[in-house]
Amino acid sequence: MEFVKGHGTENDFVVLPDLDDQLDLTVARVQALCDRQRGLGADGVLRVVRAGVESGADWFMDYRNADGSIAEMCGNGLRVFARYLVDAGHQPQGSFVVATRAGNKTVTTHPDGSVTNDMGPARVTGTSIAAVDGAGIGGFAVDVGNPHLACVTDVPVGSFDLTVPPGFDPTMFPHGVNVELINVIDPESGRGGALRMRVYERGVGETRSCGTGTVAAVASWLAGQGRTTGSATVDVLGGQVFVTIEPTTSTLTGPAVLVARGELDKSWWDALA
């Protein structure tokens, strides 16, 4: 069975082409694939499936977190998914639509290997507090197709211990939440603002990057200024992306890198059923 390994700003994924929708992608198999000692190692799995005619898209991105849980969307994963489709010859370079559990997303692949995602609206739904290192840090709840609590802070984000999951209000986030910690580097850089971010992703832990999290970070930063539109570069541990928040949607542009491909051993796969 074919696999491809890729990353978007070092948020890494195992891509499983399943054009005929035949794979039984169990929780145990996802966990083993993502394990960095007994598997390939990744933050999540992207299963490539043909979408139904009624979906309005040719492809469906079936995204699973490293713990095997099903997720609505993944911005970095969507870029890697799109890059795979073009490199494999399933799509011509340019713009096309991918179906996700958070709705259809238009992606545009570029000759330099970067990809721009239409991420849909970033909806600020309220305020809440994340508990990190024994302290409460206020932030905005942002829905980017999945839940985020994005917190701008003056404390250098590199100083936080994210080996421990941040605390949050379970009544506001009953299905868990991704927590972003954000520093403002420059409120008015040449491309809007400039932010630095670390993220703890539900079902994964701290990751090198989170695409929907960078969108949530920019939306939260703007909301703190009473603004609903704007743009910013966001530095994450794995690199840099560019986010624009518009009145009815948002876009995310960043690199998508394919690093390896190969075959999964059938006996290993079958033993995990």
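Predicted, not measured: the structure shown is a model, and the values here were computed from it. (Residues numbered from 1 in each chain as written. Predicted model: local features only at pLDDT ≥ 70, side-chain atom pairs only at ≥ 80, totals over all residues. Heavy atoms only, no water.)

A. Structural detail: unusual backbone geometry. One non-glycine residue, E10, lies in positive phi territory at about 65°. Its relative accessible area of 35% is what places E10 among the partly exposed residues. Of note, D21 is a non-glycine position whose phi angle comes to about 55°, a positive value. Relative to the elements of secondary structure, D21 occurs in the loop between β2 (11-17) and α1 (27-34). Taking relative accessible area as the criterion, D21 reaches 46% and is therefore assigned partly exposed. (Buried < 20%, exposed > 50% of the residue type's maximum accessible area, 1.4 Å probe, protein only. Helix = DSSP H or I, 4+ residues; strand = E, 2+ residues; numbered from the N terminus.)

B. Quick peek at the packing of aromatic side chains. Using the criterion set out here, one finds 2 aromatic pairs in the structure. When the ring of F168 is compared with that of F173, the centres are 6.2 Å apart and the planes differ by 75°; the resulting orientation is edge-to-face. By relative accessible area, F168 is classed as partly exposed at 31%. Accessibility expressed as a relative area gives 6% for F173, which makes it buried. Lying over the aromatic face of W221, R227 brings its terminal NZ or CZ to 5.6 Å of the ring centre. (Phe/Tyr/Trp six-rings, centres within 6.5 Å; stacked < 30°, edge-to-face > 60°. Lys NZ or Arg CZ within 6 Å of the ring centre and 35° of its normal.)

C. Fine view of the environment of L33. Along the chain, L33 falls in helix α1. Between the alpha carbons of L33 and W269 there is a distance of 9.3 Å; along the sequence they are 236 residues apart. If near-sequence neighbours (up to four positions away) are discounted, L33 is found in contact with V14, L16, G39, L40, G41, A42, V45, L264, W268 and W269. (Contact = heavy atoms within 4.5 Å.)

D. Up close: the side chain of T233. If you trace the backbone, T233 turns up in strand β14 (residues 230-236). Residues contacting T233, with those up to four places away along its chain left out, are R191, G193, A194, L195, Q240, V241 and F242.

E. Representation of the state of the cysteines within the structure. Taken as a whole, this structure holds 0 disulfides when the rule is applied. Unpaired in terms of disulfides, C74 finds its nearest cysteine sulfur in C210, a separation of 6.4 Å. Given the relative accessible area of 5%, C74 is considered buried. (Disulfide = S-S within 2.5 Å.)

F. Here's a closer look at the pairing of strand β6 (residues 103-109). Alignment of strand β5 (residues 95-100) against β6, held across 6 bridges, turns out to be antiparallel. Along β6, the bridge assignment pairs V98 with K105. Where β6 lies against strand β7 (residues 114-118), 3 bridges are found, and the strand directions are antiparallel. Residue pairing for β7: T109 is matched across the bridge by V115. What sits between the antiparallel neighbours β6 and β7 is a turn of 4 residues, in which G113 has the positive phi angle 95°. (Pairing = 2+ DSSP bridges.)

G. Structural detail: the pairing of strand β4 (residues 59-65). Most of β4 is tucked away: 6 of the 7 residues are buried. Note that strand β3 (residues 44-50) and β4 share 7 bridges and pair antiparallel. Paired with V45 across the bridge in β4 is R64.

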